[in-house]
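These are the residues of each chain, in order.
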Amino acid sequence: MNPQVDRPLRILVAEDDAALSVMLSYNLEAAGHAVMPVDNGLDALREVTEWKPDLVLLDWMMPGLSGVDLCRRLRMATATRYLPVIMLTARGEERDSIHALDTGADDYLVKPCGMDVLHARVRAVMRRCAGRGATAAAEQNDDVLGFADITVDHGGRRVTRGGSAIALGPTEYRILLHLLRNPRRVFSRAEILAAAWDDRIHVEERTVDVHIRRLRLALNAGGGVDLIRTVRSSGYMLDDGRVD
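What you are looking at is a predicted structure, and each value in this text was computed from that prediction instead of being measured.

Colleague: Help me get a handle on the pattern of salt bridges, residues and values and all.
Modeller: Per the stated rule, a full pass over the model turns up 16 salt bridges. With a closest N to O distance of 4.0 Å, arginine 46 and glutamate 50 form a salt bridge. Of this pair, arginine 46 and glutamate 50 both sit in helix H3 (residues 41-50), four residues apart, roughly one helical turn. The exposure class assigned to arginine 46 is partly exposed, which follows from its relative accessible area of 36%. Aspartate 69 is the partner of arginine 72 in a salt bridge, and the nearest nitrogen-oxygen pair spans 3.2 Å.

Okay, structure coming up:
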């Protein structure tokens, strides 16, 4: 039994549709979880700080502060950077799901959704987070990894480029570690999935592209050269263009 998955959770339900909020809260409480419902983004932000949930179900569009903007804020703050977030959206197009992931959501659900699907997604996201803890512990065996002007200090889970701190989500952090351990080697999307995700979770290979895009944006925010090379029909590699 995985204690991070099977224990009762504190779940913040941020949903402005009253009927849907009641239904979500009822079913989550029936499954043994503690639920805090709110109907706007500002209250959700306050309860994240005061109530300290284990997971947030976050509506895409809410008054006061949208779910998209709130998710971005959570990912920017050190205390909530790794807080599991499932985005609830009425938008079912592929570009919308990618946008939800790009904001920092760990998963997304298209409304209306079945309660069995909801419970499965909650379990999957929490398993994924539990896997992060084991990965982080193993990563402590590495002292400092670096390539070009990128440095990762595992002791403090700090990433810097050219001396400037870089904020990464947990998945981007694991992908960067994998690439740093094997610079100038091409990895397929399947290999990156195996290295960065819990193998009990089914994740589409296209998801790798989303997280590589996030990683690039974070690493290159200061105007640095893009060190992540896309190798057509093969995958990705960390490469500074030098020939040893």
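Colleague: Now, about the environment of methionine 237: what can you tell me, with residues and values included?
Modeller: Looking at the element boundaries, methionine 237 is found in strand S11 (residues 235-238). Given the relative accessible area of 6%, methionine 237 is considered buried. Separated by 51 residues in the primary sequence, methionine 237 and valine 186 place their C-alpha atoms 4.6 Å from one another. For methionine 237, the contacting residues outside a window of four places in its chain are Arg184, Arg185, Val186, Leu227, Ile228, Arg229 and Val231.

Reading guide: rules and limits
- Residues numbered from 1 in each chain as written.
- Predicted model: local features only at pLDDT ≥ 70, side-chain atom pairs only at ≥ 80, totals over all residues.
- Heavy atoms only, no water.
- Salt bridge = Lys/Arg side-chain N within 4 Å of Asp/Glu carboxyl O.
- Helix = DSSP H or I, 4+ residues; strand = E, 2+ residues; numbered from the N terminus.
- Buried < 20%, exposed > 50% of the residue type's maximum accessible area, 1.4 Å probe, protein only.
- Contact = heavy atoms within 4.5 Å.

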